[in-house]
Amino acid sequence: MNLSGLGIFHTVIGIAALIGGITGFIKYGKINLAQRSGKVYFYATAITSLTALGISKNGGFNTGHVFSLFIIALISVAYFLFSRKQEVTKARYFENFLLSFSFFLSLVPTINETFTRVPIGHPLAKDIKDPVIGQTLLIIFLLFIMGSVFQFMKQKKENLEISR
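Calculation criteria
- Throughout this description, residue numbers start from 1 for each chain and increase along the sequence as written.
- Where local features are concerned, this predicted model is filtered to residues with pLDDT of at least 70; where side-chain atom pairs are given and counted, the filter is 80 or more; whole-chain, interface and lining totals use all residues.
- With hydrogens and water excluded, all non-hydrogen atoms of the structure serve as input to the side-chain values.
- An axis is simply a line fitted to the C-alpha atoms; with a helix, the fit covers only the stretch in contact. Between two such axes, the angle follows the N-to-C directions and lies from 0 to 180 degrees.
- Every helix listed is a DSSP run of H or I at least four residues long, and every strand listed is a run of E at least two residues long, numbered separately from the N terminus.
- Each angle gets one of four labels, with under 35 degrees taken as roughly parallel, over 145 as roughly antiparallel, 65 to 115 as roughly perpendicular, and the rest as oblique.
- Here is the rule for handedness: rotate from the far helix to the near one, and if that takes an anticlockwise turn smaller than a right angle the crossing is left-handed, while a clockwise turn gives right-handed.
- Any two residues having at least one pair of non-hydrogen atoms within 4.5 Å are treated as being in contact.
- In this count, Pro and Cys sit with the nonpolar residues alongside Ala, Val, Leu, Ile, Met, Phe, Trp and Tyr, while Asp, Glu, Lys and Arg are called charged and the others, Gly among them, polar.
- Each Phe, Tyr or Trp ring (for Trp, its six-membered ring) is paired with any other whose centre lies within 6.5 Å, and the angle between the two planes then decides the class: stacked below 30 degrees, edge-to-face above 60, tilted in between.
- Confidence of the prediction at every residue is given by pLDDT, a number between 0 and 100.

Draft legend 1. Representation of the packing of helix 1 (residues 5–28) against helix 2 (residues 36–52). Running from N to C, helix 1 and helix 2 point in directions that differ by 150°, and their axes come no closer than 8 Å. Classified by the angle between their axes, helix 1 and helix 2 sit roughly antiparallel to one another. Considering how the two elements wind past one another, helix 1 and helix 2 form a crossing that is left-handed. Every residue of helix 2 that contacts helix 1 at Leu6, Phe9, His10, Ile13, Gly14, Ala16, Ala17, Gly20, Gly21, Thr23, Gly24 and Tyr28 is listed here: Ser37, Val40, Tyr41, Ala44, Thr45, Ile47, Thr48, Thr51 and Ala52. Of the residues contributing to the contact of helix 1 with helix 2, the split by class is eleven nonpolar, ten polar and no charged.

Draft legend 2. Highlighting the packing of helix 2 against helix 3 (residues 63–84). It is at 9 Å that the axes of helix 2 and helix 3 come closest, and there the two elements cross at 150°. The pairing of helix 2 with helix 3 is recorded here as roughly antiparallel in orientation. Seen from above, helix 2 lies across helix 3 with left-handed handedness. When helix 2 is examined against helix 3, the residues Tyr41, Phe42, Tyr43, Thr45, Ala46, Ser49, Leu50 and Ala52 are found in contact with a partner set consisting of His65, Ser68, Ile71, Ile72, Ile75 and Tyr79. Here the contact of helix 2 with helix 3 is built from residues that sort into ten nonpolar, four polar and no charged.

Draft legend 3. Highlighting the packing of aromatic side chains. According to the stated counting rule, one finds 14 aromatic pairs in the structure shown. Between Phe70 and Phe101, the ring centres sit 6.0 Å apart and the planes meet at 85°, which makes this aromatic pair edge-to-face. Of this pair, Phe70 sits in helix 3 while Phe101 is found in helix 4 (residues 89–115), placing the two residues 31 residues apart along the sequence. With a centroid separation of 5.3 Å and an interplanar angle of 20°, the aromatic rings of Phe104 and Phe144 are classed as stacked. Pair noted here: Phe104 is in helix 4 and Phe144 is in helix 5 (residues 131–163), with a separation of 40 residues, a long-range link.

Draft legend 4. Spatial organisation of the confidence of the model for the chain. Summarising the model, the chain shows a mean pLDDT of 93, and 98% of its residues fall at 70 or more. By mean pLDDT, the top-scoring element of the chain is helix 2 (97), and the lowest-scoring one is helix 5 (94).

So, in structure tokens, the structure goes:
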């Protein structure tokens, strides 16, 4: 696998972020920054994105670094909305979407790297252009769209209950 120390740390923290996000989706239907799973997702994603800036398989600044910077921006805006705009019910729609979108974007390099490395010696994909990666990302994208619609409807219901 040839992972550096930073690469191993990045991977372990990234797995924690995924577990936090998935736990939030299962328990709350969203990444909820008020809950432990949401906090784990937020901080682990921030650390994973920052450490990704120090990793480069191909040398130099690349698409993965752009993803990392964009994910940092998404979770930062979501955190701002969570912490400063609690009284604004419309902010919850954006907060939910930004966190879910950051989760989806995190899965793009995760799937690429995992499928081209695992199982060791006989990876699932030869390179990032392998159809299995594209098909998997399409399924993940469709799940993201369906999840976003679900979150929107759930948040609309919560906002109606708050306004009563």
